[in-house]
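Understanding the architecture of this molecule
Below are the chains, spelled out letter by letter.
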Amino acid sequence: HRNAVFSAMFSADGKRIVTASGDNTACIWCTKSANCIRTLSGHTDAVYSAAFSPDASTVVTASGDLSVRIWCVDSGDCRLTLAAHNQLVVCAAFS
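This text gives an overview of the structure that appears in the document.

Turning our eyes to something else, we now look at the overall build of the protein chain. When helices and strands are counted, the protein chain shows zero helices and eight strands. The secondary structure elements of the protein chain, listed N-terminal to C-terminal, are β-β-β-β-β-β-β-β. A compact globule built from 95 residues should have a C-alpha radius of gyration of about 12 Å, and the protein chain, at 12 Å, falls within 12% of that. On the principal axes, the C-alpha backbone points of the protein chain span a range of 40 × 30 × 20 Å. The buried share of the protein chain, taken over its 95 residues, is 41%. Counting only contacts in the protein chain whose residues sit at least 6 apart along the sequence, the fraction spanning at least 24 positions is 34%. For the protein chain, the exposed surface amounts to about 5200 Å²; the carbon and sulfur share of it is 53%.

In this section: the side chain of Arg69. Along the chain, the position of Arg69 falls in strand E7 (residues 68–72). There is a polar contact of 3.2 Å between the side chain of Arg69 and the backbone oxygen of Gly42. Those residues in contact with Arg69 that lie beyond four places of it in its chain are Gly42, His43, Val59, Val60, Thr61, Cys78, Leu80 and Thr81.

For the rest of this paragraph, the subject is the pairing of strand E6 (residues 58–63). Moving residue by residue along a regular strand, the side chains alternate between the two faces of the sheet. Counting buried positions along E6 yields six of six residues, so the element is predominantly enclosed. Both faces of E6 are covered, namely the face carrying Thr58, Val60 and Ala62 and the face carrying Val59, Thr61 and Ser63. Where strand E5 (residues 47–52) meets E6, five bridges bridge the pair, whose relative direction is antiparallel. Its bridge partner lying in E6, Ala50 is registered against Thr61. Taken together, the five bridges between E6 and E7 define a ladder with antiparallel strand orientation. Considered in E7, the bridge of Thr58 is made with Cys72. Turn length for the E6-E7 hairpin, with the two strands adjacent in sequence and antiparallel, is four residues, and the turn residue Leu66 shows positive phi of about 75°.

Let us now look at the nonpolar core. Of all hydrophobic cores here, the largest spans twelve residues; its members are Val18, Ala20, Ala26, Ile28, Leu40, Val47, Ala50, Phe52, Ala56, Val59, Trp71 and Val73. When contributions to this core are tallied by element, the ones reaching two or more residues are strand E2 (16–21), strand E3 (25–30) and E5. Residue contributions to this core peak at three residues, all from E5. Non-local contacts of Val18, meaning those with residues more than four positions away in its chain, are made with Ser7, Ala8, Met9, Ala26, Cys27, Ile28, Ala50, Ala51, Phe52 and Val59. Val68, Ile70, Val89 and Ala92 belong to the second-largest nonpolar core, a separate cluster that totals seven residues.

Our next topic: the pairing of strand E1 (residues 5–10). Relative to E2, E1 is paired through five bridges, and the arrangement is antiparallel. If you follow Ala8 over to E2, its bridge partner there is Thr19. Counted between consecutive antiparallel strands, the loop separating E1 from E2 contains five residues, among which Gly14 sits at a positive phi close to 75°.

Criteria and thresholds
- Residues numbered from 1 in each chain as written.
- Predicted model: local features only at pLDDT ≥ 70, side-chain atom pairs only at ≥ 80, totals over all residues.
- Heavy atoms only, no water.
- Helix = DSSP H or I, 4+ residues; strand = E, 2+ residues; numbered from the N terminus.
- Rg over C-alpha atoms; globule rule 2.2 N^0.38 Å.
- Buried < 20%, exposed > 50% of the residue type's maximum accessible area, 1.4 Å probe, protein only.
- Contact = heavy atoms within 4.5 Å.
- Areas by Shrake-Rupley, 256 points an atom, 1.4 Å probe, with all protein chains shown as cover.
- Polar contact = N/O pair within 3.5 Å; in protein donor to acceptor, adjacent residues only side chain to side chain.
- Pairing = 2+ DSSP bridges.
- Core = buried A, V, L, I, M, F, W, Y, C linked by side-chain atoms within 4.5 Å.

In structure tokens:
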């Protein structure tokens, strides 16, 4: 990341970590190699939180650009953008 990291979360299997950053991205890291294996780009403001789905196939991000995005972990593609918020979004999670 090129700016502050606001959150970090392990996948359920412990093999990956997702981080959310002030550089407008989230990164998915391999815990074994410590390398960023995927950068999730598309937000236009800081990403305040990022979380894996229970099966680690999907990531949700919350951003200062007033949106929540759902991402495919394997491809890095944004599957869905929820942009109807009128304030920055600081947290998102799966249940």
